[in-house]
Amino acid sequence: MLTVWEAIKMRRSIRKFAPDDVPGEMIEQMLEAARLAPSASNRQPWRFLVVRDKEVRKELRHICLNQQFIEEAPVVIVCFGDLEQYSRAAGRKRRKEFMNSGVASTMSGRFADPKYVTYLDSLPAPSREELLTPLIANTFIAIEHLVLMATALGLGTCWVGGFSDAYELNRLFGLAGNLVPAAVIPVGYPAGELLPQRPRLDLEEILLKPQA
Ligand SMILES: Cc1cc2nc3c(=O)[nH]c(=O)nc-3n(C[C@H](O)[C@H](O)[C@H](O)COP(=O)(O)O)c2cc1C
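How each quantity is defined
- Residues numbered from 1 in each chain as written.
- Predicted model: local features only at pLDDT ≥ 70, side-chain atom pairs only at ≥ 80, totals over all residues.
- Heavy atoms only, no water.
- Axes fitted to C-alpha atoms, helices over the stretch in contact; angles between N-to-C directions.
- Helix = DSSP H or I, 4+ residues; strand = E, 2+ residues; numbered from the N terminus.
- Parallel < 35°, antiparallel > 145°, perpendicular 65-115°, else oblique.
- Left-handed = near helix turned anticlockwise from the far one by under 90°.
- Contact = heavy atoms within 4.5 Å.
- Nonpolar A, V, L, I, M, F, W, Y, C, P; charged D, E, K, R; others polar.
- 1 Å grid on protein atoms, 1.4 Å probe; cavity = no way out; pocket = protein on both sides within 12 Å on 5 of 7 lines; lining within 4 Å.
- Points joined across faces, edges and corners; volume = space filled by probe spheres on them.
- Polar contact = N/O pair within 3.5 Å; in protein donor to acceptor, adjacent residues only side chain to side chain.
- Pairing = 2+ DSSP bridges.

**Q** What am I meant to see in the packing of helix 5 (residues 88-100) against helix 6 (residues 114-122) here?
**A** When two helices pack together, their arrangement is given by the angle between the helix axes and the distance between those axes. Two elements in contact, helix 5 and helix 6, have axes separated by 11 Å at closest approach and are oriented at 160 degrees. Classified by the interaxial angle, the pair formed by helix 5 and helix 6 is roughly antiparallel. Considering how the two elements wind past one another, helix 5 and helix 6 form a crossing that is right-handed. Along the contact surface, helix 5 presents Arg-88, Arg-92 and Arg-95, while helix 6 presents Val-117, Leu-120 and Asp-121. Across the contact of helix 5 with helix 6, the residue classes tally to two nonpolar, no polar and four charged.

Here it is, written out as structure tokens:
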């Protein structure tokens, strides 16, 4: 298996897949990499649906602006963020886990402070709109874990975020509106030789200098 650094360098968006099937253990390992991702307050809002069925892959292709390679990939992982994980009840549950699992002392200590917890509970509940950015930001971390694990295992993937109406994914699978579509990830063995790396900005272009 590739190291993290090798996987980061080798990953490409793959849009041509060999017809070979992907073993279930590999998909499980990708999901395990996603499961271990970090998230703010440990909310773990990511949820995944694994699709192998050809007819469903065809439906997914239509929802994703008719991008052909989605149907061609033997496996497609449909990724959602679950807004329910930002409810007050879910927050309490996560805090209780911190306390009960013996890790609280390794954290900032705030969760062990009843005054802080009372303060948290007194805050007005954020609106759906306000929650969408943290929801998707946290979900994307897990998705990239999954993608890098796929590369490490010799598999190809491509992030797909091009939808005409992302909530068609909910309608396709009968999922409620608390599940917010995040990305669709086709998975398979890459067909052909290793693609050249796509261009990236130079380091100087991404480094900011303080303006004050
Ligand atoms: C959030 C997100 C959405 C994307 N959506 C699509 C998409 O709908 N179709 C597609 O072919 N590629 C999509 N891409 C892949 C990008 O085009 C690709 O990552 C970028 O061009 C750099 O190429 P590389 O991944 O091979 O390094 C998406 C990437 C991200 C991160």
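**Q** Teacher, can you tell me more about the layout of surface pockets here?
**A** The gaps of empty space that remain are located by a probe, the size of a water molecule, rolled over the atoms. Here the largest pocket defines a volume of roughly 530 Å³. Taken together, 23 residues line the largest pocket, and the ones lying closest to its centre are Arg-43, Tyr-86, Ser-87, Leu-120 and Pro-126. Of all the secondary-structure elements, those providing two or more residues to the lining of the largest pocket are helix 5, helix 6 and helix 7 (128-152). Looking at side-chain class alone, the lining of the largest pocket contains 13 nonpolar, four polar and six charged residues. Taken as a whole, the second largest pocket holds about 300 Å³ of empty space. Every residue lining the second largest pocket is counted, 20 residues in all, and those nearest its centre are Arg-12, Ile-14, Pro-190, Leu-194 and Leu-195.

**Q** Mind showing me how you'd approach the side chain of Asn-170 here?
**A** Within the secondary structure, Asn-170 sits in helix 8 (residues 168-173). A distance of 2.8 Å separates the side chain of Asn-170 from the backbone oxygen of Leu-179, its partner in a polar contact. Those residues in contact with Asn-170 that lie beyond four places of it in its chain are Phe-80, Leu-175, Ala-176, Gly-177, Leu-179 and Pro-181.

**Q** I tried to follow the sheet that holds strand 4 (residues 179-188) on my own but got confused; where do I start?
**A** Strand pairing in a sheet relies on backbone hydrogen bonds. The paired strands run either parallel or antiparallel. With antiparallel pairing, four strands are arranged side by side in an open sheet as 1-2-4-3. Two strands in the sheet have a free side with no partner beyond their single neighbour: strand 1 (46-51) and strand 3 (156-157). Judged from the two bridges that link them, strand 3 and strand 4 form a sheet pairing that is antiparallel. If you follow Gly-156 over to strand 4, its bridge partner there is Gly-188. Contacts from helix 2 (residues 24-35) reach strand 1, strand 2 (75-82) and strand 4 within the one sheet, and its direction differs from that of strand 1 by about 170 degrees.

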